[in-house]
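Listed here are the chains, written in short residue letters.
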Amino acid sequence: MRKYSLFIFLFFSLQFSAQILSENQKLESLCRVWGFLKYYHPQVAKGNLNWDQQLFKKINELERINDKAALNDLYSNWMASLGKVNECSECSQETDKAYFLKNFDLSWIDNSNIFIPDISQKLHYIENNRNIGSNHYIGKGGRKIFFRNEKSYGSAFTSKQVSLLELFRYWNYVEYFFPYKYETDQNWNDVLTEMLPKFININTDKDYQLALAELAAKTDDSHAFLFSPLISLHLYGNRKLPVEYSYAEGKLVITKIHDNRLHQTTPFNIGDAIYDVNGKTIPQIVNSLGKYIPASNSWGKVNKLKNKLLFSNNDSLSVKLERNGQNMEITAKTYLPKDIIVKKVPAPQKWKFLDAEKKIGYVNMGILAKDEVSEMFRDLKSSESIIFDLRNYPKLTIMPLSEILLPQTTVYYQFNFPETSYPGKFYSRKNNIGRKNSDYYKGNVIVLVNENTQSQAETTTMMFKQHPKAKIIGSNTSGANGDIIKFKIADLDTCFTGLGAYYPDGRETQRIGIIPDILVKPTVEGIKNGKDEVLERALLYIKNKN
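Residues numbered from 1 in each chain as written. Predicted model: local features only at pLDDT ≥ 70, side-chain atom pairs only at ≥ 80, totals over all residues. Heavy atoms only, no water.

(A) How the structure looks around the domain arrangement of the protein. Under the domain assignment, the protein is made up of domain 1 (23-88 + 96-177 + 185-218), domain 2 (233-339) and domain 3 (351-544). Between the C-alpha centres of domain 1 and domain 2 there is a distance of 42 Å. Contacts between the two partners involve six residues from domain 1, matched on the other side by six residues from domain 2. At the boundary of domain 1 with domain 2, total buried surface from both sides reaches about 550 Å², with 68% on carbon and sulfur atoms. Interface area lost by domain 1 to domain 2 is led by Leu210, Glu214 and Ala217, which between them contribute 68%. Between domain 1 and domain 2 we count one salt bridge in total. In this structure, Glu214 and Lys291 form a salt bridge, with 3.9 Å as the shortest nitrogen-oxygen distance. Taken together, the connections running from domain 1 to domain 2 amount to zero residue pairs in polar contact (both at pLDDT 80 or more). Split into classes, the residues belonging to the side of domain 1 that touches domain 2 amount to four nonpolar, no polar and two charged. (Domains from an automatic or database assignment. Contact = heavy atoms within 4.5 Å. Buried area = accessible area lost by both parts, 1.4 Å probe. Salt bridge = Lys/Arg side-chain N within 4 Å of Asp/Glu carboxyl O. Polar contact = N/O pair within 3.5 Å; in protein donor to acceptor, adjacent residues only side chain to side chain. Nonpolar A, V, L, I, M, F, W, Y, C, P; charged D, E, K, R; others polar.)

Structure representation (C-alpha cells):
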C-alpha cells in the first residue's frame, strides 16, 4: 500500500512539474516579472544591467520552454544572476502617508498555475527589500514623474522581440504609474492577454502602430494619445472638405465654408446638417474608429474625432444631409489643407459686459492670461454676475482667480501621486486654494462647460464651485483630470494622466467629468440659427435669479 501511495505521489508530482504552458501564459508571466524587476530589484532599478537586452534574451529562451518547471528554472536562474538583494530596514518603516491602493496589485506573484512557491517567495523578498532610492528609469520633476533612459528602436516594425518590448514597456507603465488603471473598462490584466497575440503576429509598420494605438486606447483616458502620421493617413486621410462645423445630435452642422485655391465651388450651405458620410452615419464612423482613440467616455471619443470626420484619402466624399427640411445626397470635392483658404477672424474679447447696464460680465477663460486677472476684475467687479466661459483650456489663472473670488482658504480637490519607492501604490494629498478675503466677489459666478473642459479646466471648475453663488451650466466635462506624463513608445509621442484628481471627499471626476448644475447641450436647430444655447441658458438663469 505504501509503494502504491508513493507511486501515486510521484506520478502527480511529475504531472504537476511538467504542466504545459501556452505561449501567452509564458509571455504574460515574462512581461510581469520583467516589469516588476525593472522597478523593484535594486540592481536593475539602478541601471546596472542592460534590461532591454535581458528581455530579448528571455524571449528567445522562452521558445525552448514548454512547461511550468522549466519556466520557473529560468526565473530562478535569472534572479540569481542579477546580484544580491540586501535586506532593507527602511522598506518596512511606517509612513504617515495616506495611501490609495486601488491600483496596487502584486497578486500575480502568488499564481500557483505559473509560479512554484520558491519563485513566489523570491519575488516577495524583492518586494520587501525593494529599491527605494533613485531609479534609473523614473525621474521626478515637481509633483510629476517622468520615464527616462529608455532606448528608442524606431517606429518601424523590425522584429517580434522589439514589438513585445514596446508592449511590455507600455503595459508596465500603466500597471505601476497610471492613477486610473482601476477605472478602465477592461481589466488591465486582460488587456495584456488580448494584446499579446496581436503584437506577436505583427508584420508591417502600419499594423505595428495600429496595435500601439489600440493599446493606448485601452487606458480609457482622454489625456492619452499616440501621435502617428502613418495612422492618421490610414484612418482619416490627408484631404478634407473645405468647411467648418459643430457637432450636435449625431450630426455635423456646417457653420462656415472656406474658399479654395483652385477657385472651385463647394456645394454646401451654412446650416446643412450632415448625418452620413460614404454610407456610414456619424455615430457609426465614431464607433469604427473608436478602438484606436483613447477617451474617458463616449463624448470624449466624439470630441477627439469630430474634426477628422470629413477627411479622406479620396478626391471626393459622398455625404447625406438635411437642408431646409429636405434630405439630399451630395458628392463634394476634397482638398489638401494647403489648398483651403482660411480667413483670419478678429480675436475675441478677453472680457466684456453683455448688457448695456453693465450688470453681467463675461470672461473668455481660454485667452485670459494670468497677469490680466487683476485688470479684468477691476473692470467687472461692479457687475451683479460674471459668466466664466470654460469651454476651452485656461492659462494657469486658477490661483489669482481664487484669491479674488473665494471668501476663504478652502480644500477644493485632492491629488493622488505615484509612490516611486513602492511602484503601484499612490498617496493622497488634499490641496487648498484661496485666502481669507472679506472683499471677495459677492455676485453670481456662472461657469460654462462642455466636453472641451478638460484637465486644468476641470480643476478650475472645481475651484469655481467653492464660490457661495456658483452655478455650473452646460454638459459633462471631459473626465480627464490630473497632470499628464509625456513619453515615447516605439519612438512615437504619447502620454496619459499622471496624477489622480478627486473632489475633497474622494468622489471621482475621471471618466465621469464634472456634472453641471444645469444641463444644456447644443441642438441642430440652435446651431443652424447661430445660437449659443449654453450662454443663453446662463443669461436666463441670471434673469430668473434676479
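What follows continues from the structure just given.
(B) Structural context of helix H13 (residues 373-380). If you check which residues of H13 are buried, you get Val373, Met376, Phe377 and Leu380. All buried residues of H13 project into a common sector of 95° when viewed along the axis, lining one side. Residues of H13 that are buried in the fold lie against strand E15 (351-353), strand E16 (360-364), strand E17 (385-389) and helix H14 (398-405). (Buried < 20%, exposed > 50% of the residue type's maximum accessible area, 1.4 Å probe, protein only. Helix = DSSP H or I, 4+ residues; strand = E, 2+ residues; numbered from the N terminus. Arc of directions from axis to C-beta.)

(C) Just the pairing of strand E21 (residues 470-474), in detail. Taking burial as the measure, the five residues of E21 include four buried ones, the bulk of the element. In terms of strand pairing, strand E20 (residues 444-449) meets E21 through five bridges, oriented parallel. Counted as the bridge partner of Leu448 is Ile473 from E21. One ladder, built from two bridges, connects E21 with strand E25 (residues 518-519); its direction is parallel. By the bridge assignment, Ile473 is partnered in E25 with Ile518. (Pairing = 2+ DSSP bridges.)

(D) Inspection of the sheet that holds strand E4 (residues 225-226) at higher detail. With respect to topology, three strands assemble into an open sheet ordered E4-E23-E22, the strand pairing being antiparallel. Two strands close off the open sheet at either side, each with one partner strand: E4 and strand E22 (484-489). Bridge count for E22 against strand E23 (residues 492-497) is six bridges, and the pairing is antiparallel. Counterpart to Ile485 in the pairing with E23 is Phe496.

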